[in-house]
Amino acid sequence: MITPLVSVILIGYNDATRVTRALESIRQQTLESIEIIVVDDASTDASAQLITTIAEQDPRIRFVKRQVNSGGCSAPRNDGLALASAPWVMFCDSDDELDKHSCANLLDAAEEWNADLVCGAAVRHDVGKDRDKIWRPELHRSDRMVASLEDEPDLLYDTISVNKIYSRSFLARHSITFPPGLLFEDQVFTLQCFLQAKRIGILQTCVYIWNVDRSTEEASITQGRMQQRNVVDRVEINRRMDDLLIDASDEVKLAKAVKFLRHEGYLYLSTIGEHPDTEAADALADVFAEYVARIDPRAFGYVRPALRVAFYGLLTGDRDLLRRAMRWERWASVVDGVVVRSDDRQYWGGSEGDPILGNDSSWWRDVTALQLLDMPFSTRRYFHEFTELQVKGARVSATIETADYAGDLGPDVQAHIVWIDRTSSVVASLPLVFESQTAAQRMRWRGSGVPQVHMRRALMRSDKGSLAIRLSRGSHVNVTAIRSVGAQVDGTFVPFPAIAFADRPAGSELVGGDRASVGWRPAGIAGGPIAWSRRFGNAARRRISGSTASLTDARNALLPGDFDLPDNRFVVAYLPATSDAGPRAWPLDLTEWDRQLATHCYLLAGGAIDESVPTRLWGSIRDARGLSLAQILDSAALLITDDPALIDTVRPSIVFRPDEGAARYLLPPLPVGYPVITETAELAQEVQRILGDPS
Amino acid sequence: MTRILLCANNIDELGGAQRVVHLLADGFQRRGHDVTEVGITPFEPAHAAVGDVPRHVLMPQVWPKKSTQTERTRAQLRSTAVGQMAELLRSIGDEQGVIITAQVWSMEILADALALVAPSVRKQWKVIGQYHGAYAAAASGRDLGRILRSYRDVTIFTALTAEDGSAFTRAGLRNVRAMPNPLAFWPEETTRQIGPDQVLTYLGRLSEEKGVDLLIDAWSLLADRHPTWRLRIVGDGPMADRLREQAALLAGMERIDWDSPTVDPASVLLTSDLVVLPSRTEGLPLVIAEAQGCGVPVVATDCSSGVRQLIGDWGRLAPRGDSRALAEVLDEAMADPAWRAESGRRARVEMQPYRLDAVMNAWEKLLGQVLR
């Protein structure tokens, strides 16, 4: 047999349905001179038989079955490493796959650069939705080699061991193996490699297909995080990593701390916040808080404001604060709390509380960057929840509570429960009446009656959607989803007698959605109109059917309101040029823009772009893709564009076109004589120079 | 010693793709490989073969233009071609072979042929698909879709530059390498024959995308300021008459020389003081490398990654599609003999990687990687 150039180590435990797929992906590599070491961790299913059958046909395969299950990934990988004979090694998990060109790509690059290890991109493949998403795309924009972690601290975010190729002599020289007996062993292994390496290659191309089956896995992963062992191991792994980093530069140590807070912090605070069992949650919180309390306090300054508030809740034992602040992180930026203005800063829940880790409560609670109090009314993300819902016949009676976080929902505000379909049209609505103000700026509304239906045809199967609360104040409208946290609304049937035509679904069944949202889908009553009449009475139908005009009026009355803008900042328009060829993402780094300019400007981001603006940025960036060009240009004090047709339609204009390699030739050429800015940081500076301070 | 098939849509035409195929075929054969050139369709008039690399044309007659009358003939011819290609693949015996396709249609025919042969035969062939256009050209036409469909699973896809390669990778290919095309000639001496005038040369086809109309407009703005210069336009094409008409109305027309296409580009370049490429769109235009290889400085429009790579920081870039801006850059270059001398000297050094030997070395290295 030809001397193998790469040893690929495949590990598995009781994964007979998928391990052969992984094995096949390795056998199909375009690089043929490989040895394939399959280490089975004492599976009790058919894995061994299946692998042996394949091994009989392929002399490159060496099959090792462990006698005793190790309970993790470390021991099997170490076993494979000990057996490997090729100068380079790679790892693969039984539920994933290698792309067929992976070994060739990684080997060619490793030889070219004489690297200690080379990292390729991993792609997360959502099995259910059949969708691919590159993991850590910002790390893989180009091929390059770096000398150390110090040159590229962001490598700390690339914690997995399977998207890489390693020099076997490099691993042996530094005695780098996987730590046994712990979860998250990848992280320590990878960090050791990065710290010891003198030549780290990074490739743009995808080399690893990370299969994610949300339907089966998300539940088990979330369940797993609720277990004590999980957080204990996580903390232990991080302690070991901190030890490894003792001699690293301050910059790298801080980067590691920030990464932990942003990534692991988010995961565990979500778990603690959403844990149904209070005692278990407290136990998790204790272990986690003990580690978090020892982290460099500066790291918290680099964390998103709401997450920082949640950390404050963790560290002061205020679970309620933690849970509500995490809803901003988890439920698309919904604000379940009170935001208070003081001087020119904005604080979540005021400034009360004790100092922690050398910082005042006001430092922790400062959410000014989110501009929650200065967001236009229409883009606010209110927290509404059902506290009660009953349906008797065709009459609905509901109680809703809304967190009036800005404290400005006065008697001039009207509210409706609305049934929205997938095209964002209102299908039905029920007016709400303000009932009382409960503690801490929470408003209670009551609605009772038969929902008014705004459709004139029968429901079809495709008419599903979600439930939301529509608030209107003057000509401005806000529509935000209703949540159902305490009250059980799943399965409730709300009939729409006005459109109860024969043999058609004639009502909506409420369905619990993700993030505690409430959706609806068409559902019916057997028996057609006669059964309807008996059950609901003709009176119900007659009340709903009115003249055509009144139906149309009702529907129009609920359409989105006037275009509103904040009045505390300059409005800036961003209209990038696009080409018809290829997918169009925002050329501007919106997160970076928000970080630099949230308090100075309000950005209207428009154009023919295929990405939406994430809700976490809505405090300072409006998704203006649906607005007319005239509306955008009329509102803007400054225009940023690289579309030659638009330059100078608003003065001043800035020409901004980041360097996008070969794709730049798909965009219209820029006119000569205009200075072009290519970096977001430089753009932010120029914007501030032109606009000056907002008054 | 490897069995190598080099495929192009046709191998009889006197065109860029064919020139590359002949150069590579000859280069491989000299290095001891067993080479055959494969053309899908014959081309008339056939350009006589130079050298002794065996040729094989798959279709018995010329591929006709698309029409309702030719539908059936085309289907039959395509089927024949696929069958013939499959036969060629089967003739491999026990060894491993490499097929290098130079054009997209060739790859599509090959893909069908590979599907016809036994898996054991399929495994013996490594496929390298070359694409001679820029990413932007592929993405704005039909090619990108065809490439993503037919090249994703082959062993290697080569783009002309690393930057184009990166764009193809972002588009979804995972087997990308960069491989330039080789220069056909490399003069030993680059000393210019000094003539009475200084010469600005355009050497290439007279077609829309080459932007010669922009060059003529630019010349009309420059000509009076540079009385010792002449503009020499060497080549032919569909726009020839229109360009002459355009020039006739503008200043400086008496100092424009119109020459027909040459079989000796070296002598044209060695008598030039400055070469200009005013294209609207390009891939990796070898005329820049040829000029610079002859020690001649180049001004080119920034219309592709390939142009940028060849011009580097030793040549001069002008904005594309803008005759006034082109005139400004040419003006500077024509007024600065010191820059021209330095640029020509540096450029010749920078063009070494495009010499035939260097490119053949890169190919052999790639073959070594592909066959292991």
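Counting starts from 1 at the beginning of each chain's written sequence and moves along it residue by residue. Naming scheme: in the order in which they are written, chains are lettered from A and ligands are numbered from 1. Whole-chain, interface and lining totals are the exception, using all residues; otherwise, since this is a predicted model, local features are given only for residues with pLDDT of at least 70 and side-chain atom pairs are given and counted only at 80 or more. Side-chain descriptors were evaluated using all non-hydrogen atoms of the structure, hydrogens and water having been removed beforehand.

Topic: the overall build of chain B
Okay, step 1: Numbering of helices and strands runs from the N terminus; a helix is a DSSP stretch of H or I covering at least four residues, while a strand is a stretch of E covering at least two. Within chain B, the regular secondary structure consists of 15 helices and 13 strands.
Okay, step 2: The atom set for the radius of gyration is the C-alpha atoms, and the globule formula is 2.2 Å times the number of residues raised to the power 0.38. Taking 372 residues into account, the globule formula puts the C-alpha radius of gyration at 21 Å, and chain B, at 22 Å, falls close to it.
Okay, step 3: Referenced to the eigenvectors of the C-alpha coordinate spread, the extents of chain B come out at roughly 70 × 45 × 40 Å.
Okay, step 4: Any residue under 20% of the maximum accessible area for its type is buried, any over 50% is exposed, and the rest in between are partly exposed; the area is computed with a 1.4 Å probe on protein chains only. When each of the 372 residues of chain B is scored for burial, the buried share is 57%.

Concerning the overall build of chain A
Okay, step 1: Helices and strands together make up the secondary structure of chain A, namely 18 helices and 29 strands.
Okay, step 2: Over its C-alpha atoms chain A spans a radius of gyration of 29 Å, differing by no more than 12% from the 26 Å that the globule rule assigns to 695 residues.
Okay, step 3: C-alpha atoms of chain A, sized along the principal axes, occupy 85 × 70 × 55 Å.
Okay, step 4: Contacts: residue pairs with any heavy atoms within 4.5 Å of one another. In chain A, the share of contacts with a sequence separation of at least 24, taken over all contacts with a separation of at least 6, comes to 70%.
Okay, step 5: Here chain A displays about 29,600 Å² of accessible surface, and carbon together with sulfur accounts for 49% of that area.
Okay, step 6: Note on charges: Lys and Arg go in the positive column, Asp and Glu in the negative column, and His and the chain ends are not counted at all. Where a charge sits is defined by one atom per residue type, namely NZ (Lys), CZ (Arg), CG (Asp) or CD (Glu). One finds the centroid of the 77 positive side-chain charges in chain A at a distance of 7 Å from the centroid of its 94 negative side-chain charges. The Shrake-Rupley method, run with a 1.4 Å probe, gives the accessible areas here. Residue values count only the displayed protein chains as cover.

With respect to the interface of chain B and chain A
Okay, step 1: Counting residues at the interface gives 33 residues for chain B, matched by 31 residues for chain A.
Okay, step 2: Across the interface of chain B and chain A, roughly 2,500 Å² is buried in total on both sides, 44% from carbon and sulfur atoms.
Okay, step 3: When the area that chain B buries against chain A is broken down by residue, the three leading residues are Arg174(B), Arg320(B) and Arg372(B), summing to 35%.
Okay, step 4: Within this document, salt bridges are pairs made up of a side-chain nitrogen of Lys or Arg and a carboxyl oxygen of Asp or Glu, the two lying within 4 Å of each other. In this assembly, chain B and chain A are joined by seven salt bridges.
Okay, step 5: When the shortest N-O distance is used, the salt bridge between Asp108(A) and Arg177(B) registers 2.7 Å.
Okay, step 6: A 3.5 Å cut-off defines polar contacts: any pair of N or O atoms within that distance qualifies, except that in protein one atom must be a possible hydrogen donor and the other a possible acceptor, and neighbouring residues in sequence count only when both atoms are side-chain atoms. For the interface between chain B and chain A, the tally reads 18 residue pairs in polar contact (both at pLDDT 80 or more).
Okay, step 7: Those elements that place two or more of their residues in the side of chain B that touches chain A are helix H5 (135-140), helix H7 (162-171), helix H12 (305-311) and helix H15 (356-370) of chain B.
Okay, step 8: Looking at the side of chain B that touches chain A element by element, the count peaks at six residues for H7(B).
Okay, step 9: Polar here means any residue outside two lists: the nonpolar Ala, Val, Leu, Ile, Met, Phe, Trp, Tyr, Cys and Pro, and the charged Asp, Glu, Lys and Arg; Gly therefore counts as polar. Classifying every residue of the side of chain B that touches chain A gives nine nonpolar, nine polar and 15 charged. Accessible area, probed at 1.4 Å, shrinks when two parts are joined; the buried area is that loss added up over both.

Quick word on the pattern of salt bridges
Residue and element names in this part refer to chain A.
Okay, step 1: With the rule as written, the count across this model stands at 74 salt bridges over all chains.
Okay, step 2: Between arginine 442 and aspartate 336 there is a salt bridge whose closest N-O contact spans 3.0 Å. Of the two residues, arginine 442 is situated in strand S17 (residues 442-449) and aspartate 336 in the loop between helix H12 (319-330) and strand S11 (339-342); the sequence distance between them amounts to 106 residues.
Okay, step 3: One network of salt bridges, in which partners are shared, links Asp320, Arg323, Arg324, Arg327, Asp336, Glu385, Glu401, Glu435, Arg442 and Arg444.

Quick notes on the side chain of Gln371(A)
Residue and element names in this part refer to chain A.
Okay, step 1: Following the sequence through the fold, glutamine 371 ends up in the loop between helix H13 (361-365) and strand S13 (383-392).
Okay, step 2: Residue glutamine 371 is classed as buried on the basis of its relative accessible area, which comes to 3%.
Okay, step 3: In contact with glutamine 371, other than residues within four places in its own chain, are Gln346, Asn568, Arg569, Ala598, Thr599 and Gly619.

Some thoughts on the pairing of strand S14 (residues 395-403) of chain A
Residues and elements named next belong to chain A.
Okay, step 1: Taken across its nine residues, S14 has eight buried, putting it largely inside the fold.
Okay, step 2: Here, strands pair whenever DSSP counts at least two bridges between them. Pairing of S13 with S14, which is carried by nine bridges, proceeds in the antiparallel orientation. In the sheet register, glutamine 390 faces S14, and the bridge partner there is serine 397.
Okay, step 3: Adjacent in sequence and paired antiparallel, S13 and S14 are bridged by two residues, among which glycine 393 carries a positive phi angle near 65°.
Okay, step 4: As paired strands, S14 and S17 are joined by eight bridges and run antiparallel to one another. Bridging across to S17, threonine 399 finds its partner in arginine 446.

A short note on the environment of Asp514(A)
Okay, step 1: As for its placement among the helices and strands, Asp514(A) is situated in the loop between strand S22 (507-512) and strand S23 (518-523).
Okay, step 2: In sequence terms Asp514(A) and Asp490(A) are 24 residues apart; their C-alpha atoms lie 12 Å from each other.

Regarding helix H11 (residues 286-293) of chain B
Residue and element names in this part refer to chain B.
Okay, step 1: Counting buried positions along H11 yields eight of eight residues, so the element is predominantly enclosed.
Okay, step 2: Every buried residue of H11 is accounted for by Leu286, Val287, Ile288, Ala289, Glu290, Ala291, Gln292 and Gly293.
Okay, step 3: Taken from the residues just after H11, glycine 295 is the one with a positive phi, measuring 80°.

What about helix H13 (residues 323-334) of chain B?
All names here are of chain B.
Okay, step 1: Its 12 residues place the ends of H13 16 Å apart at the C-alpha level, agreeing with the 16 Å of an ideal helix rising 1.5 Å per residue.
Okay, step 2: Along H13, nine of the 12 residues are buried, which leaves the element largely enclosed by surrounding structure.
Okay, step 3: Among all positions of H13, only Ser323, Ala325, Leu326, Ala327, Val329, Leu330, Asp331, Ala333 and Met334 are buried.
Okay, step 4: N-cap assignment for H13: the residue whose side-chain oxygen lies 3.2 Å from the backbone N of arginine 324 is aspartate 322. Here a helix's expected span is defined as the number of its residues, less one, multiplied by 1.5 Å.

Points about the domain arrangement of chain B
Residue and element names in this part refer to chain B.
Okay, step 1: Where each domain begins and ends follows an automated or database-derived domain assignment. Taken domain by domain, chain B comprises domain 1 (3-182 + 355-370) and domain 2 (198-352).
Okay, step 2: A separation of 32 Å is found between the C-alpha centroids of domain 1 and domain 2.
Okay, step 3: Where domain 1 abuts domain 2, roughly 890 Å² becomes buried across the two surfaces, and 52% of that area is made up of carbon and sulfur atoms.
Okay, step 4: The interface formed by domain 1 and domain 2 holds one salt bridge in total.

A few points about the pairing of strand S8 (residues 198-203) of chain B
All names here are of chain B.
Okay, step 1: With five of six residues buried, S8 lies mostly within the body of the structure.
Okay, step 2: Two strands pair when backbone bridges link them, and S8 and strand S9 (residues 229-234) are joined in this way by six bridges, in the parallel orientation. By the bridge assignment, tyrosine 202 is partnered in S9 with isoleucine 233.
Okay, step 3: Where S8 lies against strand S11 (residues 274-277), two bridges are found, and the strand directions are parallel. Directly across from threonine 201, in S11, lies its bridge partner valine 275.

Remarks on the sheet that holds strand S2 (residues 34-39) of chain B
All names here are of chain B.
Okay, step 1: Strand order in this open sheet of seven strands is S3-S2-S1-S4-S5-S6-S7, and the pairing throughout is parallel. What marks the edges here is a single partner per strand, and that holds for strand S3 (55-57) and strand S7 (176-178). Looking at each pair of strands side by side, their axes are set apart by 25° on average, direction ignored.
Okay, step 2: Alignment of strand S4 (residues 97-101) against strand S5 (residues 125-130), held across five bridges, turns out to be parallel. Each bridged residue has a counterpart across the sheet, and for threonine 101 the counterpart in S5 is glycine 129.
Okay, step 3: Most of the contacts of helix H2 (residues 71-90) go to strand S1 (residues 3-8), to which it runs at about 165°, and overall it touches S1, S2, S3, S4 and S5. The convention used is that axes are lines fitted to C-alpha atoms, helices contributing only their stretch in contact, and that angles between N-to-C directions extend from 0 to 180 degrees.

Thoughts on unusual backbone geometry
Okay, step 1: The step from Arg651(A) to Pro652(A) runs through a cis peptide bond, and the omega angle for that step is 5°.
Okay, step 2: On the secondary structure map, Pro652(A) appears in the loop between strand S27 (638-641) and strand S28 (653-656).
Okay, step 3: Omega for the bond connecting Glu44(B) with Pro45(B) falls within 30 degrees of zero, at 5°, which places this linkage in the cis form.
Okay, step 4: Structurally, Pro45(B) can be placed in the loop between S2 and S3.
Okay, step 5: At Ala332(A), a position not held by glycine, the phi torsion is positive, near 50°.

Quick look at the sheet that holds strand S29 (residues 676-677) of chain A
Residue and element names in this part refer to chain A.
Okay, step 1: Across the sheet, which stays open at both edges, the six strands sit in the order S26-S25-S24-S27-S28-S29 with parallel pairing between neighbours. The two strands at the open ends of the sheet, each matched to only one other strand, are strand S26 (621-623) and S29.
Okay, step 2: In this fold helix H16 (residues 590-597) packs onto strand S24 (570-575), strand S25 (601-605), S26 and S27, with an angle of close to 160° to the strand it touches most, S25.
Okay, step 3: On top of the sheet, helix H18 (residues 680-691) reaches S24, S25, S27, S28 and S29; it is set at about 175° to S28, its chief contact.

Topic: the packing of aromatic side chains
Residue and element names in this part refer to chain A.
Okay, step 1: Only Phe, Tyr and Trp rings take part, Trp by its six-membered ring, and two of them pair if their centres are within 6.5 Å. Stacked means planes under 30 degrees apart, edge-to-face means over 60, and tilted covers everything else. Under the criterion given, the structure shown has 26 aromatic pairs over all chains.
Okay, step 2: Judged by centre distance (5.2 Å) and plane angle (70°), the rings of tryptophan 135 and tryptophan 210 are edge-to-face. Separated by 75 residues along the polypeptide, tryptophan 135 in strand S7 (residues 131-135) and tryptophan 210 in strand S10 (residues 200-212) bring together distant segments of the chain.
Okay, step 3: Note on tryptophan 210: relative accessible area 22%, which makes it partly exposed.
Okay, step 4: In this structure, arginine 473 is placed above the aromatic ring of phenylalanine 377, and the distance from its NZ or CZ to the ring centre is 4.5 Å. A ring is considered to have a charge above it if a Lys NZ or an Arg CZ atom is located within 6 Å of its centre and within 35 degrees of its normal.

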